[in-house]
Amino acid sequence: MLNFTLDELSDFTRKEEEMMKGLKPGALPHSEPSDQSIQNILAYSKALSVRRSKHLRHVRLVLN
């Protein structure tokens, strides 16, 4: 069993708060997906075909 002092817990909490600040929206330089990423996702969604099957539940195909 590990034991921690109150000072160690305080340091951990302070460091955790600093790390969480970096995760808030807008805090990171690339907080939004690039236009290319969005275009790739849209192209994939257009090429994806999901159909019901008598023998299988669904059949997924990429039509490219």
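Refer to the structure above for everything that follows.
Here we summarise the structure given alongside this text. (Residues numbered from 1 in each chain as written. Predicted model: local features only at pLDDT ≥ 70, side-chain atom pairs only at ≥ 80, totals over all residues. Heavy atoms only, no water.)

**Looking at the pattern of salt bridges**
Thinking step 1. Scanning the entire structure with this criterion turns up 1 salt bridge.
Thinking step 2. Residue Asp11 pairs with Arg14 through a salt bridge whose shortest N-O separation is 3.0 Å. Taken together, the positions of Asp11 and Arg14, both in helix 1 (residues 6-21) and 3 residues apart, correspond to about one turn of that helix.
Thinking step 3. For Asp11, a relative accessible area of 35% puts it in the partly exposed group. (Salt bridge = Lys/Arg side-chain N within 4 Å of Asp/Glu carboxyl O. Helix = DSSP H or I, 4+ residues; strand = E, 2+ residues; numbered from the N terminus. Buried < 20%, exposed > 50% of the residue type's maximum accessible area, 1.4 Å probe, protein only.)

**Examining the pairing of strand 2 (residues 58-62)**
Thinking step 1. In this structure, strand 1 (residues 48-52) lies alongside strand 2, joined through 5 bridges in antiparallel fashion. The residue bridging Leu48 from the neighbouring strand is Val62, located in strand 2.
Thinking step 2. Taken together, strand 1 and the strand that follows it, strand 2, pair antiparallel across an intervening segment of 5 residues. (Pairing = 2+ DSSP bridges.)

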